[in-house]
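Report on the structure
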Amino acid sequence: MQTSFLSRLTLRQIDVFLAVCQQRSYSKAAQQLALTQPAVSAQIRSLESVVGQALFDYLGKQLYLTPAGEVLLRAGREFKQRLVHLEIELTELHGSLHGTLNLAIETSADTVLPDLVNQFLAQHSGADIIVHVANHQGLLARLEDNLDDLAIMARVPGDRDLSFTPFTEHRLLAVAANDHELANRNSSIPLLELLDYPMLLREPGSGTRRVFEDHCQQRSCVVRHSRQLGSNQAIASALPRSGAVAILPEPLVSTLAPSQKLVALPVEDFPIRRSWCTAYPKGKHLNPLAAAFLNFLHNQA
């Protein structure tokens, strides 16, 4: 009877393969794993020998997964996640939570989550949390690839098969420098008037930008003059002396307003209110650490 190739697979081969898939580069995977590039190449050749099929195609200088590689990628991710579950479940038998939680958060949540993460870790000293920060589009890609235990996002699309639950309010403010001509307005500012000014916006794919554009579209308005910056902090820093306005999360404005000389503007129908939500693929089995963190967030709310 022929021995199944599964008995010849090693955890090291899977780790190297997943790193190459993530980096789409042997050299970058070698840096990530603290290995030499020849060592990474040898592990992939050995894995291809075990599987009996090529796992990557090389087109020009770009690395692409073969159909066999795609199948192994899905299985490898599921296998690694199951090992994490096993570690947490075994330590839970001793009455405490241990292990590492992979948490993906939308960029604007970086003003909300750190304090909550610290509170949770104070209650569970044996746990650790790795936070991956991405814009809204990047977060959806991570969810699709099942890279994380939980995701935190403000706008959960209805066309994705996701389980989600709101846990706290997310408010966006219209903001300008304190010497802007709108800064001292006591009366409500129409949205159309706000849009007469240059607008500093996040990149396409940002949740903050998409929420604001939806807000404008619902009121038959469009952003006419805009400049794109890559982070909310960069926008806040650029507002003084720019003559521009921006849309920023309330916690960030509260933190930076004194030092950056920013003020919230009394624009009609502002602040824009959404909810921060926990999200994960439907049917996904949350490990005990992820379930405990989810419960913690909703109990805090």
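By convention here, each chain's residues receive numbers from 1 onward along its written sequence. For this predicted model, a pLDDT threshold of at least 70 governs which residues receive local features, and a threshold of 80 or more governs which side-chain atom pairs are given and counted, while totals over whole chains, interfaces and linings are taken from all residues. Hydrogens and waters are ignored; side-chain quantities use all the structure's heavy atoms.

The protein chain has the name LysR family transcriptional regulator in an unreviewed UniProt entry, where Spongiibacter nanhainus is given as its organism.

1. Topic: the domain arrangement of the protein chain
Interface size is commonly expressed as the accessible surface area that is lost when the partners come together. Source of the domain bounds: an automatic or database domain assignment. Looking at the protein chain, the domain boundaries give domain 1 (5-73), domain 2 (76-168 + 275-300) and domain 3 (170-272). Once you take the C-alpha centre of each, domain 2 and domain 3 turn out to be 30 Å apart. Note on terms: buried area is the combined drop in 1.4 Å-probe accessible area of two parts once they are placed together, counting the loss on both. Both sides of the domain 2 and domain 3 interface together cover about 1,100 Å² of buried area, and 51% of this is carbon and sulfur. Summed over the three residues of domain 2 that lose the most area to domain 3, namely Ser 108, Thr 111 and Arg 155, the buried surface amounts to 44% of that side. In what follows, salt bridge is the name for a side-chain nitrogen of Lys or Arg lying within 4 Å of a carboxyl oxygen of Asp or Glu. Between Arg 155 and Asp 214 there is a salt bridge, with its nearest N and O atoms 3.3 Å apart.

2. Brief notes about the pattern of salt bridges
Enumeration over the complete set of coordinates arrives at twelve salt bridges. Close ionic contact of Arg 77 with Asp 145 constitutes a salt bridge, the shortest N to O distance being 3.8 Å. Linking Arg 77 in helix H4 (residues 67-92) with Asp 145 in the loop between helix H6 (136-144) and strand S5 (150-153), this pair joins segments that are 68 residues apart in sequence. Here Glu 169 and Arg 273 are joined by a salt bridge, their closest N and O atoms 3.2 Å apart. By the criteria applied, helices consist of DSSP H or I runs no shorter than four residues and strands consist of E runs no shorter than two, each listed in order from the N terminus.

3. Remarks on the packing of aromatic side chains
The criterion for an aromatic pair is that two Phe, Tyr or Trp rings (for Trp, the six-membered ring) have centres within 6.5 Å, with stacked assigned to planes under 30 degrees apart, edge-to-face to planes over 60 apart and tilted to the rest. Under the criterion given, the structure shown has seven aromatic pairs. Summarising the aromatic geometry, the rings of Tyr 26 and Tyr 58 are spaced 6.4 Å apart at their centres and angled 75° between planes, so their arrangement reads as edge-to-face. Of the two residues, Tyr 26 is situated in helix H2 (residues 26-33) and Tyr 58 in strand S1 (residues 56-59); the sequence distance between them amounts to 32 residues. Centre to centre, the rings of Phe 293 and Phe 296 are 6.2 Å apart; their planes meet at 25°, and the pair counts as stacked. One end of the pair is Phe 293 and the other is Phe 296, both in helix H11 (residues 288-300) and three residues apart, which spans about a single turn. Accessibility assignment for this pair places Phe 293 and Phe 296 in one class, buried. These aromatic residues form a ring-pair network of at least three members: Phe 17, Tyr 26, Phe 56 and Tyr 58. Whether a residue is buried, partly exposed or exposed follows from its accessible area with a 1.4 Å probe, protein chains only, as a fraction of its type maximum: under 20%, in between, or over 50%, in that order.

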